[in-house]
Amino acid sequence: MGSKVNYLAGYLSWVMDSYDLGAVVVTTAILGKLFFPTLGLLGAVLPIVFTVVSRPLGSFIFGYLADLKGRKFALLITVLGYSLSIGLTGLLPTYAQVGILASIALAVLRIVQGIFIGGDVSSSFTLSMESVRNRRGLLAGLLQGGTLLGFVIVDLIFTYLARTTNILETWRYIYFIGVIPAVLAILIRVNVTEPEVYLREGRQGKVLSGLKPLYQTLLVMVGFWLAIYAGPQFMPVYLGKYLGLPAAEYGLLMTLMNLVGIFAMAFSGFLSDLIGRRTMAVIGSVAAVLAAYIVYYLVLPLNLGILLFGFLVNLPSAVTPAYLAERFKTFSRATGVGFSYNGAFVFAGFSQVYISLVNSVIHHLPTSAFTVFTAGALIAIVGLLIGPETLRASELKV
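Residues numbered from 1 in each chain as written. Predicted model: local features only at pLDDT ≥ 70, side-chain atom pairs only at ≥ 80, totals over all residues. Heavy atoms only, no water.

K.L.:
Is there a simple way to think about the pattern of salt bridges in this case?
P.N.:
Where side chains of opposite charge bring their charged atoms close, a pairing between them can arise. Counting across every chain of the model gives seven salt bridges. With a closest N to O distance of 2.7 Å, D273 and R277 form a salt bridge. Using a relative accessible area of 23% as the deciding quantity, one classes D273 as partly exposed. Members of the salt-bridge network, linked through shared partners, are D67, R71, E130 and R333. (Salt bridge = Lys/Arg side-chain N within 4 Å of Asp/Glu carboxyl O. Buried < 20%, exposed > 50% of the residue type's maximum accessible area, 1.4 Å probe, protein only.)

So, in structure tokens, the structure goes:
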């Protein structure tokens, strides 16, 4: 029973993590207008940048805490932190009301949110993977699919509000509603238990001594995140600003894209139990580049292209929970997993800024996004190839 509760707690963390990030992604153009009205395209991506660049700090602090004091202890602190900050975001006054103070307040709140979400990933990721014995790849894919479920929920809310209200006035409801799953996560985490492998091996070494794989896992995650932020997370800007679709229409397209991705991640995780995590991620990365080309150059009708993109782009990152957990020893796992996953944001968190910079030179947004996306996929493939196949050489033996 304890392992099921632990896995559920981790899954809800993933849903909450992506709900918060999804809320910023789908409202990024709105937040740009209301809080950074003088910065144009850069203002539209700044809320995302502020959210993701602070995640590495949170992952290291709370990952280290989870390795020293236990997974449950860290989880309870982080869930309280991000529950408060997402609710406060919905209460902020706009630039038109208080001027530059609004911009500063949003930046600070998104940075604080990034710290707690980053810390939450460290312990929830680790807790879930340490609590499963069989079919770790499939369960990792389902876990990673929780990120897309969070996006689907926020996309549905956004689409409904965009169709039935003035979204420039009702965007706050998206953040208020986000407090609900956070409270649910608190109730579940009270019943979390420490995984047996942590109780058995969690004190066998110093935390920092087990972080040798970090250079390789960071390279993989930098690649994954560059592609994700130049792909799925760039869709609101591409569909809304570049193609000029109304919010209700591109919100629906993103919902469909993420729904397809949930099944793709489960499929990828299942295959990784058969052919290996590394092999699946390399094949998936190549397929994702093909899908990005199709959607950015409109090779297929947009609706069909978005569905194909939603499936193929999620194949490589689906193995992430299992892959990272299998690369680190137990006494360093939460720190290693969390900092690999979130430390990549130090570089990859500026993906959409890179797109803006490339676009200032070539003046073609689809090519700019595709260039950054492809660079991310290539970096991920290189990182994967210099590391082991963790299906056969795992540090996690439950």
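K.L.:
In this structure, what is going on with helix α7 (residues 100–130)? I would like to understand it.
P.N.:
Along an α-helix, residues three or four apart share an orientation, since each turn contains 3.6 residues. The first and last C-alpha atoms of α7 sit 46 Å apart over 31 residues, in line with the 45 Å expected at 1.5 Å per residue. Of all 31 residues making up α7, 23 are buried, and the element is well covered by its neighbours. (Helix = DSSP H or I, 4+ residues; strand = E, 2+ residues; numbered from the N terminus. Expected span 1.5 Å × (residues − 1).)

K.L.:
So what exactly am I meant to see when it comes to the side chain of R327 here?
P.N.:
By secondary structure assignment, the location of R327 is in the loop between α18 (320–325) and α19 (333–343). When its relative accessible area of 13% is taken as the criterion, R327 is described as buried. Within the structure, R327 has its side chain in polar contact with the side chain of Q216 (distance 3.0 Å). Excluding its chain neighbours within four sequence positions, the residues that come into contact with R327 are P213, Q216, T217, P388, T390 and E395. (Polar contact = N/O pair within 3.5 Å; in protein donor to acceptor, adjacent residues only side chain to side chain. Contact = heavy atoms within 4.5 Å.)

K.L.:
I keep staring at the nonpolar core and nothing clicks. Help me out?
P.N.:
Among soluble globular proteins, nonpolar side chains are generally buried collectively. If you look at the biggest cluster of nonpolar residues, it comprises 108 residues, and the most contacted ones within it are M235 and L239. It is helix α13 (residues 214–230) that provides the largest number of residues to this core, a total of 12 residues. Those residues in contact with M235 that sit more than four places away from it in its chain are G240, M254, M257, V295, Y296, I306 and F309. In terms of nonpolar packing, the next biggest core, distinct from the first, is built from seven residues, A9, L127, I188 and V192 among them. (Core = buried A, V, L, I, M, F, W, Y, C linked by side-chain atoms within 4.5 Å.)

K.L.:
Which parts of the structure should I look at to understand the packing of helix α4 (residues 55–69) against helix α5 (residues 71–89)?
P.N.:
Helix packing for two helices is described by the angle between their axes and how far apart those axes are. Here α4 crosses α5 at 145°, and the two axes come no closer than 6 Å. Between α4 and α5, the contacting residues are F62, L65, A66, D67 and K69 on the first element and R71, F73, A74, I77 and T78 on the second. (Axes fitted to C-alpha atoms, helices over the stretch in contact; angles between N-to-C directions.)

K.L.:
Which parts of the structure should I look at to understand the packing of α7 against helix α8 (residues 136–164)?
P.N.:
Contact geometry for α7 and α8: axes closest at 10 Å, N-to-C directions at 150°. For the pair α7 and α8, the sense of crossing is right-handed. Between α7, through F125, S128 and M129, and α8, the contact on the second element is made entirely by R136, L139, A140, L143 and Q144. Its residues placed into classes, the contact of α7 with α8 shows five nonpolar, two polar and one charged. (Left-handed = near helix turned anticlockwise from the far one by under 90°. Nonpolar A, V, L, I, M, F, W, Y, C, P; charged D, E, K, R; others polar.)

K.L.:
How should I be thinking about the packing of aromatic side chains in this particular structure?
P.N.:
Each aromatic ring pair is specified by the distance between its two centres and by the angle formed by the two planes. Taken as a whole and judged by the stated rule, the model has 17 aromatic pairs. Summarising the aromatic geometry, the rings of W225 and Y229 are spaced 5.4 Å apart at their centres and angled 40° between planes, so their arrangement reads as tilted. Of this pair, W225 and Y229 both sit in helix α13, four residues apart, which is roughly one turn of that helix. As far as burial versus exposure is concerned, W225 and Y229 are alike and both buried. The interplanar angle of 85° and the centroid separation of 5.1 Å between the aromatic rings of W225 and Y341 together place this pair among those described as edge-to-face. Linking W225 in helix α13 with Y341 in helix α19, this pair joins segments that are 116 residues apart in sequence. By the burial criterion, W225 is buried, and Y341 matches it. An aromatic cluster is defined as three or more aromatic residues linked by ring pairs; in this entry it consists of F125, W225, Y229 and Y341. (Phe/Tyr/Trp six-rings, centres within 6.5 Å; stacked < 30°, edge-to-face > 60°.)

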